[in-house]
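Report on the structure
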Amino acid sequence: MTMNFLNPVTTQTWTNGRHLVRCVKVIQETWDVRTFCFMAEQPVLFFFKPGQFVTLELEIDGEPIMRSYTISSSPSVPYSFSITVKRVPGGKVSNWLHDNLKSGDELAVHGPVGNFNAIDYPAEKILMLSGGVGITPLMSMARWFFDTNSAVDIEFVHSARTPKDIIYHRELEHIFSRIPEFRLHIVCEHSDALGEAWAGFRGYLSQQMLELMAPDFLEREIFCCGPTPYMNAVKSLLKNNGFDMSHYHEESFGATPADVQEEALEHAELAEAQAEEFDAAEMLSVEFSSTGKSAHIQPGETVHAAAAKLGLHIPKACGMGICGTCRVPLTSGQVEMEHNGGITDEDVAEGYILSCCSKPLGDVVVEY
């Protein structure tokens, strides 16, 4: 890297949207977890809120695929960002990344977005609870607090299957050995198959363990990320102890919950049944100015649905207004947009919408 690369006149700041980046390093964290580090061809300051995520735009076996991953690095190291990926048996994207993505490869990313972050919920005392690869957003937060010498009291509790599955183990021990207000607790379900000794907590996180680790856990701001059963168990434990759940935050991105899928199917069936009842005069026009195409949709349908009717592919990863991948400019008309943190107030002020969760209130024109 030359000093010209860091010229403040040419350096740009990362904003929510699509960006081309290049993989510059691959780190083997554990036997089945790798960290992929990225930089932009032209210098970009990758500012984001610790805990947020990006969506990768990939092509696997000729099929375009969008997949979101939490940023595991800290914005305190601004000229690059990293994601940490666990190889999942049968996982199409995670296995492809492990087997194919290497230093020098270029790809597009969307983001950063996400409501789960340490900046929007400031607190003097924090409890971080993570399970498995769910440690990634909390590691981003911990790195940020460490690098910025934040005056915060942290209890960091991580659960892993075995000692060899502890992601970032050495770095965690380094960080938490240097600041008395940062305390690390690791729980392993069992020892390694080869018999590696483990002197720490063993089994599954329980109330008894939590009371030993953080006796004042009910007084802390809590950030939690891990497998769904893990987070459900944590929430149950907190609720049973009368914890104020407005101070509980969890990483919600992942597979669409079963109840949401069921509700979506019911809505689809209801919409199909009502389709014939709509008068043609009630239909709304959605025009895509860049392609010169337009479609008519029923009230309550989304801009994304209009694009799909025309065969237009607006990139989308979650379909719930979380990932921000489907951001497009609205140049005329108004929409009702119910998102889940996938777009910033600044983007909305500039006229952007998320097509997956934006319902036209009248005729609209979208730049796409």
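Residues numbered from 1 in each chain as written. Predicted model: local features only at pLDDT ≥ 70, side-chain atom pairs only at ≥ 80, totals over all residues. Heavy atoms only, no water.

What counts here: UniProt positions are given in the numbering used here, feature names are shortened, and annotations may be inferred rather than shown by experiment.
An unreviewed UniProt entry lists the chain under the name Hybrid-cluster NAD(P)-dependent oxidoreductase, with Halomonas heilongjiangensis given as the organism. Per UniProt, the chain has the following entry under Sequence similarities (unreviewed entry): "In the N-terminal section; belongs to the FAD-binding oxidoreductase type 6 family."

1. Topic: the pattern of salt bridges
Formally: A carboxyl oxygen of Asp or Glu within 4 Å of a side-chain nitrogen of Lys or Arg is what we treat as a salt bridge. Only runs of H or I of at least four residues qualify as helices and only runs of E of at least two qualify as strands under DSSP, and these elements are numbered from the N terminus. Summary of the burial criterion: residues with accessible area below 20% of their type's maximum are buried, those above 50% are exposed, and those between are partly exposed, where the area comes from a 1.4 Å probe applied to protein chains only.
For the structure shown, the criterion picks out 18 salt bridges. A salt bridge links Arg220 to Glu155, with the shortest nitrogen-to-oxygen separation between them at 3.8 Å. Taken together, the positions of Arg220 in the loop between α4 (207-213) and β13 (221-225) and Glu155 in strand β10 (residues 153-160) put the pair 65 residues apart, joining distant regions of the chain. Take Arg220: its relative accessible area is 3%, and that puts it in the buried class.

2. A few points about helix α2 (residues 135-147)
What counts is decided by this rule: One less than the number of residues in a helix, times 1.5 Å, gives the span that helix is expected to have.
Over its 13 residues, α2 runs 18 Å from end to end, which matches the ideal 18 Å to within 8%, given 1.5 Å per residue. The buried fraction of α2 is high, at 11 of 13 residues. Of all the residues in α2, the buried ones are Ile135, Thr136, Pro137, Leu138, Met139, Ser140, Met141, Ala142, Arg143, Phe145 and Phe146. Backbone geometry just after α2 places Asn149 at a positive phi near 50°.

3. What about unusual backbone geometry?
Omega for the peptide link from Gly111 to Pro112 comes to 5°, which places this bond in the cis form. Tracing the backbone through its elements, the reader meets Pro112 in strand β8 (residues 106-113). Here Asn149, not a glycine, exhibits a phi torsion of approximately 50°, which is positive. Relative to the assigned elements, Asn149 resides in the loop between α2 and β10.

4. As for the sheet that holds β10
Working definition: the strands of a sheet are paired by backbone hydrogen bonds and lie parallel or antiparallel to each other. What counts is decided by this rule: Strands are labelled as partners when DSSP assigns at least two bridges between them. Working rule for contacts: check all heavy atoms of both residues, and any pair within 4.5 Å makes them a contact. Each axis is a line fitted through C-alpha atoms, taken for helices only over the stretch in contact, and angles between the N-to-C directions span 0 to 180 degrees.
Strands sit in the order β12-β11-β10-β9-β13-β14 across an open sheet of six strands; the sheet is parallel. With partners counted over all chains shown, the strands left at the sheet margins are β12 (201-202) and β14 (248-250), one partner each. Across seven bridges, the pairing between β10 and strand β11 (residues 182-188) is parallel. Within the sheet, the bridge partner assigned to Val157 lies in β11 and is His185. Here α2 sits on the sheet and contacts β9 (125-131), β10, β11 and β13; the angle it forms with β9, its principal contact strand, is near 145°.

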